[in-house]
Amino acid sequence: QRLASSLRAKEAYAKRWGYEWHDFDEDTLDCSGFRPLRWRGDQRYCKMEALEVMRARVWSLGQPEPGGGGRREVLFWHDADTHIMQPERPLEDFLRLAGGDAGVVFTDNALSLNNGVFFLDLTSEVALAFLRRWRSYCREGVWPWADNGCMYEVLLRNFGGDRYEGRCTRYREPEHDPKRPEPRTGTLLMRCFNEEMDRLGMGCCGAARGVPGFAFLDGREGSFNDHRCEDLERNQEFSPAERSRISSHCFYDGMFMVHSKRPQDAEESL
């Protein structure tokens, strides 16, 4: 409820620009069949089910086959704790910056690549293959940062192929045990992901990653998913080198969206 004003703002934004709007919660989406939940209200892995619902809905309307060159159907996913701060800016701005070949578009981040907000082209073979792998890999084990943690592994396997040897899986619990807390190794997993991407020649940031079918936007014009600087500065696990990067990968006034659990940000977005 404390983020309800942000949801109203997002719905108004979609109406303003002529986009479809869909809101998922535990009353409208059954996630129990995807994987065991840790507690009532833990919706993080439910993202996987919501994305599949939208994919199935698009294809039920008889859209062209992936890669067929027809109309694009692009899903803009945003978690409940992300807020639109510049509603006068359309989503097409970011798709233009990403380029027509990008099936998956993230805000890049040299600290922690985050899937709280992203674009997914449901007519892109690359995007649909990524979604299948992401759903498959998130079903097993327990990752720090839930769906974001298992996404790191999927990206490394997807981009690295045989060159990636699975080093970052050490931060996953192989079996789900509801009596054990979620691994508190998120920062270590994040660091492992960044190191492996560097080793694969796909280090941060932006177009320098050079991953076909994916776009990683950065800078004040391209970013659409950044946390507030002061929120990132509270992470005491960051190394001095990581801490020095915060100012380049956090939210500033004038950016499109902010990733924040602060009720005042939700209110301001309205």
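Residues numbered from 1 in each chain as written. Predicted model: local features only at pLDDT ≥ 70, side-chain atom pairs only at ≥ 80, totals over all residues. Heavy atoms only, no water.

Chemist: Would you take a moment to explain the sheet that holds strand S6 (residues 226-227) for this structure?
Modeler: The strands making up a sheet are joined through hydrogen bonds of the backbone, oriented either antiparallel or parallel. Ordered by their spatial adjacency, 3 strands build an open sheet running S2-S7-S6, and the pairing between neighbours is mixed. Each end of this open sheet is capped by a strand with a single partner; those strands are strand S2 (82-84) and S6. With 3 bridges joining them, S2 and strand S7 (residues 257-259) adopt antiparallel strand pairing. Counterpart to isoleucine 84 in the pairing with S7 is methionine 257. (Pairing = 2+ DSSP bridges. Helix = DSSP H or I, 4+ residues; strand = E, 2+ residues; numbered from the N terminus.)

Chemist: Honestly, the sheet that holds strand S4 (residues 117-121) in this entry has me stumped. Any pointers?
Modeler: Reading across from one edge, S1-S4-S3-S5 is the order of the 4 strands in this open sheet, with mixed pairing throughout. The open sheet has two free edges, formed respectively by strand S1 (74-78) and strand S5 (214-217), since each of these has just one partner strand. Averaged over neighbouring strand pairs, the angle between their axes works out to 15 degrees when direction is ignored. Bridge analysis of strand S3 (residues 104-107) against S5 gives 4 bridges, and the strand direction is parallel. Residue threonine 107 lies in a different strand from S5, and its bridge partner there is leucine 217. (Axes fitted to C-alpha atoms, helices over the stretch in contact; angles between N-to-C directions.)

Chemist: I'm lost on the state of the cysteines in this one. Help?
Modeler: Linking two cysteines covalently through their sulfur atoms gives a disulfide. A full pass over the atoms with the stated rule returns 5 disulfides. Through a disulfide, cysteine 229 is tied to cysteine 250; the S-S separation comes to 2.0 Å. Disulfide cysteine 229-cysteine 250: the torsion about the S-S bond is 70 degrees, which places it as right-handed. You can see cysteine 229 sitting in helix H8 (residues 229-233) and its partner cysteine 250 sitting in the loop between helix H9 (240-243) and S7, a full 21 residues away along the chain. Disulfide connectivity for the protein, with bonded cysteines indexed by sequence position, reads 1-2, 3-4, 5-6, 7-8, 9-10. (Disulfide = S-S within 2.5 Å.)

Chemist: Just checking my understanding: could you explain the packing of helix H5 (residues 146-160) against helix H6 (residues 186-199) for this structure?
Modeler: A pair of packed helices is characterised by two quantities: the angle between their axes and the separation of those axes. Two elements in contact, H5 and H6, have axes whose closest approach is 10 Å; the angle formed by their N-to-C orientations is 15 degrees. Between H5 and H6, the crossing angle belongs to the class labelled roughly parallel. Considering how the two elements wind past one another, H5 and H6 form a crossing that is left-handed. The segment H5 lies against H6, with Gly149, Tyr152, Leu155, Leu156 and Phe159 engaging Leu189, Met190, Phe193, Glu196 and Met197. (Parallel < 35°, antiparallel > 145°, perpendicular 65-115°, else oblique. Left-handed = near helix turned anticlockwise from the far one by under 90°. Contact = heavy atoms within 4.5 Å.)

Chemist: Would you explain the pattern of salt bridges in this entry?
Modeler: Side-chain pairs of opposite charge can arise whenever the charged atoms involved come near each other. The final tally for this structure, using the stated rule, is 20 salt bridges. We note a salt bridge from aspartate 121 to arginine 72, for which the minimum N-O separation is 2.8 Å. Of the two residues, aspartate 121 is situated in strand S4 and arginine 72 in the loop between helix H2 (46-60) and S1; the sequence distance between them amounts to 49 residues. By relative accessible area, aspartate 121 is classed as buried at 6%. Arginine 209 is paired through a salt bridge with aspartate 108; the nearest N and O atoms lie 2.9 Å apart. Of the two residues, arginine 209 sits in the loop between H6 and S5 while aspartate 108 sits in the loop between S3 and S4, which places them 101 residues apart along the sequence. Classification of arginine 209 as buried rests on a relative accessible area of 3%. On the basis of relative accessibility, which here comes to 1%, the residue aspartate 108 falls in the buried class. Sharing partners across several salt bridges, the network here consists of Arg167, Glu195, Glu196 and Arg199. (Salt bridge = Lys/Arg side-chain N within 4 Å of Asp/Glu carboxyl O. Buried < 20%, exposed > 50% of the residue type's maximum accessible area, 1.4 Å probe, protein only.)

Chemist: Teacher, can you tell me more about the packing of aromatic side chains here?
Modeler: For the structure shown, the criterion picks out 19 aromatic pairs. Seen in terms of ring centroids, phenylalanine 94 and phenylalanine 256 are 5.1 Å apart; in terms of plane orientation they differ by 50 degrees. Their pairing is tilted. You can see phenylalanine 94 sitting in helix H3 (residues 92-98) and its partner phenylalanine 256 sitting in the loop between H9 and S7, a full 162 residues away along the chain. Of the two residues, phenylalanine 94 and phenylalanine 256, both sit in the buried class. Note on tyrosine 137 and tryptophan 143: the rings are 6.0 Å apart at their centroids and 50 degrees apart in plane angle, and the pair reads as tilted. Tryptophan 143 shares its class with tyrosine 137; the two are buried. Members of the aromatic cluster, each reached through a chain of ring pairs, are Tyr13, Tyr19, Phe76, Phe94, Phe119, Phe224 and Phe256. Directly above the aromatic system of tyrosine 45 lies the positively charged group of arginine 35, at a separation of 4.2 Å from the ring centroid. Of note, arginine 220 hangs over the ring of tyrosine 252, and the distance from its end group to the ring centre comes to 4.2 Å. (Phe/Tyr/Trp six-rings, centres within 6.5 Å; stacked < 30°, edge-to-face > 60°. Lys NZ or Arg CZ within 6 Å of the ring centre and 35° of its normal.)

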